[in-house]
Amino acid sequence: MSLLDILLVAIRVAFAAFVPLCFIAVCVWMERRGAGFFQDRAGPNRANIFGFRAAGLVQNLADGAKLFFKEDVISDHIQHKFYFVIAPLIVFFTAVVSFAVVPFADTLVLNGKSYVMQGIPIDIGILWFLALAGFSVYGIILAGWSSTNKYGLLGSLRSTAQVISYEIPMGLAIVSLLVVYGTVNLNGMAQYQGQLLFGFIPMWGIILQPVGFLIFVIAAFAETNRTPFDLAEGESEIVAGFHIEYSAMKFAIFFMGEYIAMFASSAIIVTLYFGGYQIPFLATDTLINYAKPVAFLLMLGLPAGMYFFAGWIRKNNVSHYPRENDPRVYEGNIYIKGFWGLVILLELILFAILLCKSGGAAAHIFVVLLQICTFLMKVTMMIFVYIWVRWTLPRFRYDQLQKIGWQVLLPAALLNIFITSAFVVALS
Amino acid sequence: MSAEVKTLKREGSTLAEKIYFVEIFKGMATTFGHFWRNLLDNSNLYVRHYPEVEPEIPVRWRGRHRLTSHDDGTVKCVACFMCQTNCPAECISIEAGERLDDKAEKMPVKFNIDLLECIYCGYCVEACPLDAIRMDTGIYSVTDNNRESFVLGLEDLLKTPGAFSEEEYKKGGA
């Protein structure tokens, strides 16, 4: 193994491990500020360090510090302390590891050697995700049972029943997808989606499998315990469900695990149905050939985008009440300067790519970076959809949940398989 | 004569509503409209920027108590114990003493209100025959670090001025 091999392995493992962790902060921030804006409130925007509020991101630090220093209570009535402690870890660990098979860029070819861009380079892809997503419910079940609390037990019971009824439509939706793609490897799926349908529509899963997409997304919402399927928590009826007895950092682990699960399942949805890391109309080979024009267009687009972003900061980062020497204006000006500095740095990098030999190593690396950005942007949008749905829809009643799972999603998924298979057989 | 029967139309039974998705997307469009408007311009949020911007207190608001005084500065209270008797939270404790300024026979030597006990019902104001106790200071937030400082004495109650003019106060229905 050369030094380059080791470096690339380190980079891809670090990406798969740390990006989900970083996205906890982004998710929580998006959830809280987003909820505020959905409900015509402001959301947490006061916490600051020397007056810098970073649009409310500092609140995460404050919350984290609070949870870290709180007393970690394990009540005396809990008999199985081992299971009680290990339950949040299962939720957290499975969520982090389930992201490891998602490709965040196309295979990187350097000096004739190819490097897979996913945390764990295995071919089973989607099966790994299904297995771990199913396993993460064990954490919830264990937490509810070992809490020795009637609300906790009710929460975990609900979660168990919900998982049984929603794993099946999810699996069936994936079956019809496998019929279309002909592979279980997620990177293969993403490469397949780089093609064009009829020569002008990106061949994304959502266009080939619209019904399958709806079924998968509904099942994924149920799988991650998000509203409208968050019956396991149901704060209005069973207080907090499975994590009622948890406090301090053990609760925080549950909380973070939930957000990582949201990130991982967004990443899977993007990979399966939204072309993964593919930029529409620009498959990897095309991108490598046209690296210079793309870099040039980005060089033009970045300052233009930054101009409007600066205007937005100037307009919104002010105090909306009479205040002398508004410190928020000062704060906003520093942000604008910082972002302009970032734009200049990116411009220099893009200029360097313009100077490099076309089709060389620099172009390959540039394409990988571009695809990583695309992937993360798509995932962020999918996370936003999760948040958007949460602040729009009320929780389903328990019998409605079961009815939708068994009487609507299951037949729809089966029908989808038959129709898809018929089409695939007829076309091949 | 039979009772008049009014049949209400039952909502939610059309096909579009039973499929759920149409209605879900409509609802999501509504919420996204709110999100987008507030993201582009956050000056129209329905929130008060408390504590910088304080709420407007109407005249009839029952705020922290005060004791009123005559024009020459002597206390109006005659220690009749009406307010203390009426208080459902038992937060008022008065100690009466002899009065030497010819206004009446008695006056309070001690007049303590425990704000941690008080439920701000306003019965003391209603009960007072001499308009000696009022809740028109406009103070709505009472905070401190120790329990003792929540017990107001005669001095504290006398020195807080009312937040409104006599005219406005009378118009408020007192």
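What you see is a predicted model; the values in this text were computed from it and never measured.

1. With respect to the overall build of chain A
Stage number 1. When its secondary structure is counted, chain A shows 15 helices and four strands.
Stage number 2. Rg of the C-alpha trace for chain A: 23 Å, near the compact-globule value of 22 Å for 428 residues, within the 12% margin.
Stage number 3. Counting only C-alpha atoms and orienting by the principal axes, one finds that chain A spans roughly 75 × 70 × 45 Å.
Stage number 4. In chain A, which comprises 428 residues, the share counted as buried stands at 51%.
Stage number 5. Taken as a whole, chain A presents about 20,100 Å² of accessible surface, with 73% of it coming from carbon and sulfur.
Stage number 6. Looking at charge distribution, chain A has the averaged site of its 26 positive side-chain charges lying 6 Å from that of its 23 negative ones.

2. Describing the overall build of chain B
Stage number 1. Check the secondary structure of chain B and you find six helices and five strands.
Stage number 2. Against the compact-globule benchmark of 16 Å for 174 residues, chain B has a radius of gyration of 27 Å, which places it well outside the compact range.
Stage number 3. Counting only C-alpha atoms, chain B reaches 85 × 60 × 35 Å along its principal axes.
Stage number 4. By the burial criterion, 30% of the 174 residues in chain B qualify as buried.
Stage number 5. Within chain B, contacts between residues at least 6 apart in sequence are counted, and of these 67% link residues at least 24 apart.
Stage number 6. With the model as given, the accessible surface of chain B reaches about 12,100 Å², and the carbon-plus-sulfur share is 53%.

3. Comments concerning the pattern of salt bridges
Stage number 1. One pass over the full model with this rule turns up 21 salt bridges over all chains.
Stage number 2. Where Arg390 of chain A meets Glu31 of chain A, a salt bridge forms, and the shortest distance between an N and an O atom there is 3.2 Å. Here Arg390 of chain A is found in helix 14 (residues 361-390), whereas its partner Glu31 of chain A is found in helix 1 (residues 3-38), with 359 residues between them in sequence.
Stage number 3. A salt bridge links Asp156 of chain B to Lys159 of chain B; its shortest N-O distance comes to 3.6 Å. Highlighted residues: Asp156 of chain B and Lys159 of chain B, both in helix 5 (residues 154-159), separated by three residues, approximately one helical turn.
Stage number 4. Its relative accessible area of 64% is what places Lys159 of chain B among the exposed residues.
Stage number 5. Counted as one network, the salt bridges with shared partners bring together Arg66, Asp131, Arg134, Asp136, Glu166 and Lys170 of chain B.

4. Describing helix 4 (residues 126-146) of chain A
Stage number 1. Look at helix 4 of chain A: 31 Å from first C-alpha to last across 21 residues, which is about the 30 Å you get at 1.5 Å a residue.
Stage number 2. Among the residues trailing helix 4 of chain A, Thr148 of chain A stands out with phi positive, at a value near 50°.

5. Quick notes on the confidence of the model for chain B
It should be kept in mind that the predicted coordinates are not to be read in detail where pLDDT is low.
Stage number 1. Averaged over all residues, the pLDDT of chain B equals 87, while 98% of them reach at least 70.
Stage number 2. When pLDDT is averaged over each helix and strand of chain B, the minimum, 80, is found for helix 1 (residues 15-18) of chain B and the maximum, 92, for helix 3 (residues 82-86) of chain B.

6. Description of the domain arrangement of chain B
Stage number 1. Here chain B is described as being made up of domain 1 (11-47) and domain 2 (66-171).
Stage number 2. Measuring from the centre of the C-alpha atoms in domain 1 of chain B to the corresponding centre in domain 2 of chain B gives 52 Å.

7. Details of the interface of chain A and chain B
Stage number 1. Of the residues lining the interface, 22 residues belong to chain A; the matching set on chain B comes to 24 residues.
Stage number 2. Summing the contributions of chain A and of chain B, the shared interface buries around 2,300 Å²; its carbon and sulfur component is 67%.
Stage number 3. Interface area lost by chain A to chain B is led by Phe37, Asp40 and His320 of chain A, which between them contribute 29%.
Stage number 4. Where chain A meets chain B, there are two salt bridges.
Stage number 5. Measuring nitrogen to oxygen at the nearest pair gives 3.3 Å for the salt bridge that ties Arg37 of chain B to Asp40 of chain A.

8. Things to note about the packing of helix 14 of chain A against helix 2 (residues 21-40) of chain B
Stage number 1. In contact at an axis separation of 10 Å, helix 14 of chain A and helix 2 of chain B are set at 105° when each is read in the N-to-C sense. Relative to helix 2 of chain B, the element helix 14 of chain A is oriented roughly perpendicular. Facing helix 14 of chain A, whose interface residues are Phe384, Trp388 and Val389 of chain A, helix 2 of chain B presents Met28, Thr31, Phe32 and Phe35 of chain B.
Stage number 2. The class makeup of the residues in the contact of helix 14 of chain A with helix 2 of chain B is six nonpolar, one polar and no charged.

9. A few points about the pairing of strand 3 (residues 106-114) of chain B
Stage number 1. Relative to strand 3 of chain B, strand 2 (residues 92-98) of chain B is paired through seven bridges, and the arrangement is antiparallel. Bridge pairing links Gly97 of chain B to Met107 of chain B in strand 3 of chain B.

10. A look at the nonpolar core
Stage number 1. Of all hydrophobic cores here, the largest spans 87 residues; its most connected members are Phe99, Tyr166, Phe216, Leu272, Phe375 and Ile383 of chain A.
Stage number 2. When residues no more than four places from it in sequence are discounted, the contact partners of Tyr166 of chain A are Ile218, Ala219, Ala222, Phe229, Leu401, Ile404, Gly405 and Leu409 of chain A.
Stage number 3. Ala89, Ile113, Ala132 and Leu152 of chain B belong to the second largest nonpolar core, which has 22 residues in total.

11. A closer look at the environment of Asn145 of chain B
Residues and elements named next belong to chain B.
Stage number 1. Positionally, Asn145 belongs in the loop between strand 4 (133-134) and strand 5 (151-152).
Stage number 2. By relative accessible area, which is 80% here, Asn145 ends up exposed.
Stage number 3. In this structure, the C-alpha to C-alpha distance between Asn145 and Asp41, residues 104 residues apart in sequence, is 39 Å.

12. Quick notes on unusual backbone geometry
Stage number 1. Cis geometry is found at the peptide bond from Tyr50 of chain B to Pro51 of chain B, where omega equals 5°.
Stage number 2. Even without glycine at this site, Ala55 of chain A takes up a positive phi of about 60°.
Stage number 3. Note on placement: Ala55 of chain A falls in the loop between helix 1 and helix 2 (58-69).
Stage number 4. Residue classification places Ala55 of chain A among the partly exposed residues on the basis of a relative accessible area of 36%.
Stage number 5. Backbone geometry at Asn225 of chain A places phi at a positive 60°, although glycine is not the residue there.

13. Comments concerning the side chain of His243 of chain A
Residue and element names in this part refer to chain A.
Stage number 1. Looking at the secondary structure, you find His243 in the loop between helix 9 (235-238) and helix 10 (248-273).
Stage number 2. His243 sits in the buried class, given a relative accessible area of 12%.
Stage number 3. If we skip the residues at most four places from it in the chain, His243 touches Glu233, Phe251 and Phe254.

14. As for the side chain of Asp326 of chain A
Residues and elements named next belong to chain A.
Stage number 1. By the secondary structure assignment, Asp326 is in the loop between helix 12 (291-316) and helix 13 (327-355).
Stage number 2. Residue class for Asp326 comes out buried when judged on its relative accessible area of 15%.
Stage number 3. At 3.0 Å, the side chain of Asp326 and the backbone nitrogen of Arg328 are in polar contact.
Stage number 4. Ignoring sequence-local partners within four residues, the contact set of Asp326 consists of Val318 and Ser319.

15. Some points on the packing of aromatic side chains
Stage number 1. For the structure on display, the rule yields 37 aromatic pairs over all chains.
Stage number 2. A centroid spacing of 6.0 Å and a plane angle of 80° characterise the contact between Phe384 of chain A and Phe32 of chain B, whose relative ring orientation is edge-to-face. Here the residue Phe384 of chain A occupies a position in helix 14, and Phe32 of chain B occupies one in helix 2, the pair thus bridging two chains.
Stage number 3. Among the aromatic residues, those joined into a ring-pair cluster are Phe37, Phe38, Phe384 and Trp388 of chain A together with Phe32, Phe35 and Trp36 of chain B.

What counts, and where the lines are drawn
- Residue numbers run consecutively from 1 along every chain, following the written order of its sequence.
- Chains and ligands are labelled sequentially in the order written, the chains with letters from A and the ligands with numbers from 1.
- Residue-level local features of this predicted model are given only where pLDDT is at least 70; pairs of side-chain atoms are given and counted only at 80 or more, and the full residue set underlies all totals for whole chains, interfaces and linings.
- Hydrogens are left out, water is left out, and the side-chain values use all remaining heavy atoms of the structure.
- Where helices and strands are cited, they refer to DSSP runs of H or I of at least four residues and of E of at least two residues respectively, numbered from the N terminus.
- In this treatment the radius of gyration is a C-alpha quantity, and the globule benchmark scales as 2.2 Å times the residue count to the 0.38 power.
- Each residue gets one of three labels from its accessible area relative to the maximum for its type: buried under 20%, exposed over 50%, partly exposed in between, using a 1.4 Å probe on protein chains only.
- Computed with the Shrake-Rupley method and a 1.4 Å probe, the accessible areas treat only the protein chains shown as cover for residues.
- Positive residues here are Lys and Arg, negative ones are Asp and Glu, while His and the chain termini are left out of the count.
- Each charge is placed at NZ for Lys, CZ for Arg, CG for Asp and CD for Glu.
- Whether two residues are in contact is decided by their heavy atoms, any of which lying within 4.5 Å being enough.
- Salt bridge, as used here: a side-chain nitrogen of Lys or Arg that lies within 4 Å of a carboxyl oxygen of Asp or Glu.
- One less than the number of residues in a helix, times 1.5 Å, gives the span that helix is expected to have.
- The quantity known as pLDDT measures the predictor's confidence residue by residue, on a range of 0 to 100.
- Annotation comment: domain bounds sourced from an automatic or database domain assignment.
- Buried area counts how much accessible surface, traced with a 1.4 Å probe, disappears from two parts once they are put together, with both parts' losses summed.
- The axes used here are C-alpha line fits, helices contributing only the stretch in contact, and every angle between their N-to-C directions lies in the interval 0 to 180 degrees.
- Here roughly perpendicular refers to angles of 65 to 115 degrees, roughly parallel to angles under 35, roughly antiparallel to angles over 145, and oblique to all remaining angles.
- Ten residues, namely Ala, Val, Leu, Ile, Met, Phe, Trp, Tyr, Cys and Pro, are considered nonpolar, four, namely Asp, Glu, Lys and Arg, are considered charged, and the remaining ones, Gly among them, are considered polar.
- By the convention used here, strands pair only if DSSP detects at least 2 bridges between them.
- Buried Ala, Val, Leu, Ile, Met, Phe, Trp, Tyr and Cys residues form a nonpolar core when they are joined through side-chain atoms within 4.5 Å.
- Two N or O atoms count as a polar contact when they lie within 3.5 Å, although within protein this holds only if one can serve as hydrogen donor and the other as acceptor, and sequence-adjacent residues are included solely when both atoms are side-chain atoms.
- Within 6.5 Å between ring centres, the rings of Phe, Tyr and Trp (the latter by its six-membered ring) count as paired, and their orientation is classed by plane angle as stacked under 30 degrees, edge-to-face over 60, tilted in between.

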